[in-house]
Structure formats: C-alpha cells, structure tokens
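Reading the structure
Spelled out, the chains give:
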Amino acid sequence: MKLRKPVQFWPELFLLLLGSLCASASDFDWKLSRGFPAPAVPANNPMSSSKVELGRHLFYDSRLSINHKQSCASCHQQKLAFTDGKARGEGTTGEIHPRSSMSLVNVGYISALTWANPTLDSLEDQALVPMFGTEPVELGLKGAEETILQRVQSDAVYQKLFAPSFPTEKNPFTIQNITKAIATFERSIISTRSPYDRYRYGSEPDALSDAAKRGEKIYFSSEKAGCFQCHGGWNFSGSVRYAGGPVTETEFHNTGLYNLTGKYSYPERNTGVHQFTGLPEHIGKFRAPSLRNIVLTAPYMHDGSIPTLEEVIDHYRAGGRSPGNPNQSSIVRKLQITDQEKSDLIEFLKSLTDEELLKDPRWSNPWPDTPSP
C-alpha cells in the first residue's frame, strides 16, 4: 500500500484526448459528456443495452433477497447518489454492518471496490458479496441459489430480458449471468454533468458561483486544503481505470479517525486493509471515495461517524479526530484555512452534485408496482 504521488488536476485538453481515444472502446452508447473516457469493461461481459436493462430490473428486485425485504437499491438509492443515508448499512435480516454503503456512481472507474479490500476489483465478483456473503448478511442468499433462479426464471419480464442479454447461451438463467447483468447496470451509472463539469469541461464560465471558484483553488492548493492529494483526478477519487488506460495502484489512507489503546488502534471490525493483509502498518487504512455528489452521501467516513461536511472539514482542520495514530497518513495535517475559506470549499464541493443523475430514468426503478426505497 505504498503512497503514490498525489493525483494532480487533469488539463482539459488531455481529458478531451482521452475521450476521443476511448470513444470506440464499445458499441454501447454510454451517453458520456464531451471528453470523458468510457469505463473499462471485461472481455467476458461486454456492454449491451439489453443487459443494462436486465441489470436494472435485478438491481431493484426484492426477490433477490432471502425474505423479499430488500434489493440492491435498498442500500444504493438513486435519490441519494446510490447511497442510503445511514451511518452503517443494514442487511435484509436486520444485521447492522460495520461500514457504510458506498456510492455506486462512477463505480466503473474505480480500480479497487469496497472500503478496504485491495484485491476486489471486479464488479461481477463484488455482486456475489451482498448476495451470498454471511459476515455480515446482506441479501442473505447463501444456500438459496436454486430458489433465486426459480424466482427469476418464472417471471414473464425476465423471460423476455435474459435471452437478448446472453444471446449465445442455451440457458441464460444462471447466477453468473445475474451478477454479470447487475455489474453491467452498475457500470452504466455515470456522473459527468455537475455544475463543475459544465464549468471546467463544458465551457460554461457561469456554471459556478464566485465562492465555488474560490473553493476550487483551495481544494487544489497544497498550501491550503490539499484535498486533491487523496481525492484527485476528474473523478475526485484518486486512482481510476478506464477503457484503454493503464493499470493504476489504489491508494488507501489512515485519516486519524481513531487512536484506541489495546490490540488495535481502530475498532476491531474496522481495521481497514489490515483485515485482508494482517499487516500492522495497514491498520486504519481505507480507500478514498469519490467526492462527486458528496453533499448527498452523508454521513461520512467508512463508518458514518461524521454527520456533516462542515464537521469533515473541521476533522481535517484539527489534523484528525484522534491525532497521534502511528499509521496516520502524512497528508493528514492541520489545515490552515479560515472560516471563509471553509465556506468557499463547501460551495465547491456542492458544485460536484449532478442533479440529473438523481432523476435519470436509465437508472430508476423499473417495477411499476414496487415503490423505490
């Protein structure tokens, strides 16, 4: 988990070049804003409109939980930028999870999924975790594979959607194809239409307020906030992957949330990358999430322990909530910003909200008789 150089701001010309290089990466129409690259797509699960539509139905279908009480959308709600507004996730059996539900917006660009697993980089594999995982229970489907397939195969809607999504398969009703369709839908959820995008890449100089423009300078200033050092690049997430692009190393950071006495300096169920590597130096290190649509995804941090953006900034102004943790990133230091600069920074973060994303029918609930979460 070595620390790479901070991801600097990408000039517009480079981003436009990137988009032109990736435009032919797939016949699928991503409906990308001008200049943005297409996500990387695995060769064994190509994009198609029919598969995205199938995945959308599966994503919102509560029959994919053992007790019909939850769907993927229960923890990833479109109106909240595909989060759930809770400090920690809650499974279909009521089990409270140790971490919060991450946003699925632009997840196709993320090089390592979840908060702390450095090896989980496939959306197809990740879909298996909420479906069949037991620590914690999410959808609770372990041991019920045949039951789920029967539920899906007996539905008239799915009988129309599976065949064109997997046209070369004699029997497309498989668990693997369910996860492929869900992953395809998730990969299609792209946010590139925020006021900041229109200002920076869309030649709309009035898309941002003066306060937000001042906040941009503070965000990208090493002397001021320096937020870009962990949340850099056009996705505001640090490392990214895209069609035709290089393999990048995912960054994980200890942001000084805890410094407990005892065996670990972080709560035992939330030791970050350490849970997968067992290395003491990885205790408390988590992936930096994208800051796109950040005002919609409260509460914040991996365990939802900071309620508001104002308090997040105060956390960094103090140099961490529990300074002195031996693994705390050297990037996390006391921010030397005034109250006015803090206000401007928040205005900039607000400009990363893509309002169209929240109501775009491509990603909405397709089941007319089932209310959205």
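The model shown is predicted, which means the values in this text are computed figures rather than measured ones. (Residues numbered from 1 in each chain as written. Predicted model: local features only at pLDDT ≥ 70, side-chain atom pairs only at ≥ 80, totals over all residues. Heavy atoms only, no water.)

1. Some thoughts on the nonpolar core
In globular proteins that are soluble, nonpolar side chains generally tend to be buried together. The line we're drawing: The definition of a nonpolar core used throughout is a set of buried Ala, Val, Leu, Ile, Met, Phe, Trp, Tyr and Cys residues joined through side-chain atoms within 4.5 Å. Here's how the labels work: a residue is buried when its accessible area is under 20% of the maximum for its type, exposed when over 50%, partly exposed in between, all with a 1.4 Å probe on protein chains only. Helical segments are the DSSP runs of H or I of at least four residues, strand segments are the runs of E of at least two, and each set is numbered from the N terminus. When checking whether two residues touch, look at their non-hydrogen atoms; a contact exists if any pair is within 4.5 Å.
If you look at the biggest cluster of nonpolar residues, it comprises 47 residues, and the most contacted ones within it are L58, F82, V152, F162 and I178. Elements that contribute at least two residues to this core include exactly helix 2 (49-59), helix 3 (72-75), helix 5 (128-132), helix 6 (145-153), helix 7 (156-165) and helix 8 (175-187). Tallying contributions element by element places helix 8 first for this core, with five residues. Excluding its chain neighbours within four sequence positions, the residues that come into contact with F82 are F59, Y60, C75, H76, Q77, M102, S103, L104, V105, I189, L357 and W363.

2. Re the layout of surface pockets
Note the threshold: Cavities and pockets were defined on a 1 Å grid built from protein atoms only: a cavity is a group of points that admits a 1.4 Å probe but offers it no way out, a pocket is an open group of points flanked by protein on both sides within 12 Å along at least five of seven lines, and a lining residue is one with an atom within 4 Å of any such point. Grid points are joined across faces, edges and corners, and a volume is the space filled by probe spheres set on the points. Residues are grouped as follows: Ala, Val, Leu, Ile, Met, Phe, Trp, Tyr, Cys and Pro are nonpolar; Asp, Glu, Lys and Arg are charged; all remaining types, including Gly, are polar.
Taken as a whole, the second largest pocket encloses approximately 230 Å³ of empty space. If you go around the second largest pocket, you meet 15 residues; those closest to its centre are S111, D121, R241, V247 and T248. Here the lining of the second largest pocket is composed, by residue class, of eight nonpolar, four polar and three charged.

3. Quick notes on the packing of aromatic side chains
Geometrically, a pair of aromatic rings is defined through the distance of the ring centres and the angle of the planes. Convention followed: Each Phe, Tyr or Trp ring (for Trp, its six-membered ring) is paired with any other whose centre lies within 6.5 Å, and the angle between the two planes then decides the class: stacked below 30 degrees, edge-to-face above 60, tilted in between. Whether a charge sits over a ring depends on NZ of Lys or CZ of Arg being within 6 Å of the ring centre and within 35 degrees of the ring normal.
On inspection of all chains with the given rule, the structure shows 23 aromatic pairs. Three or more aromatic residues joined by ring pairs make a cluster, and in this case those are Y196, Y199, Y219, F220, F228, F236 and F348. In this arrangement the basic side chain of R63 is found over the ring face of W367, its NZ or CZ atom lying 5.3 Å from the centre.

4. Remarks on the confidence of the model for the protein
Under the convention used in this document: Every residue gets a pLDDT, meaning the predictor's confidence in that residue, from 0 to 100.
With 93% of its residues at a pLDDT of 70 or more, the protein has an overall mean of 92. Taken together, the stretch residues 1-25 has pLDDT below 50 and engages in 54 contacts with residues farther than four places along the chain or on a different chain.

5. Quick look at helix 10 (residues 210-219)
Cut-off, in case you're wondering: Throughout, the arc means the angular range of directions from the helix axis out to the C-beta atoms.
Turning to helix 10, its buried residues are A211, A212, G215, E216, I218 and Y219. All buried residues of helix 10 lie within an arc of 160° about the axis, which places them on one face of the element. Turned more than 90 degrees away from the buried face of helix 10, the exposed residues are D210 and K217. At its buried positions, helix 10 is contacted by helix 9 (195-200) and helix 13 (339-350).

6. Observations regarding helix 6
When helix 6 is considered as a whole, its buried residues turn out to be I148, L149, R151 and V152. Buried residues in helix 6, looked at end-on, bunch into an arc of 160°, giving them a common side. Seen from the buried face of helix 6, the exposed residues on the opposite side, beyond 90 degrees, are E146 and Q150. Residues of helix 6 that are buried make contact with helix 2, helix 7 and helix 8.

7. Some points on empty space enclosed by the protein
With the rule as written, the count across this model stands at two cavities of 30 Å³ or more. Here the largest cavity defines a volume of roughly 60 Å³. Lining the largest cavity, in full, are I110, S111, C230, S237, G238, S239, T250, E251, R287 and A288. When the residues that make up the lining of the largest cavity are grouped by side-chain class, the tally is three nonpolar, five polar and two charged. By volume, the second largest cavity is sized at about 30 Å³.

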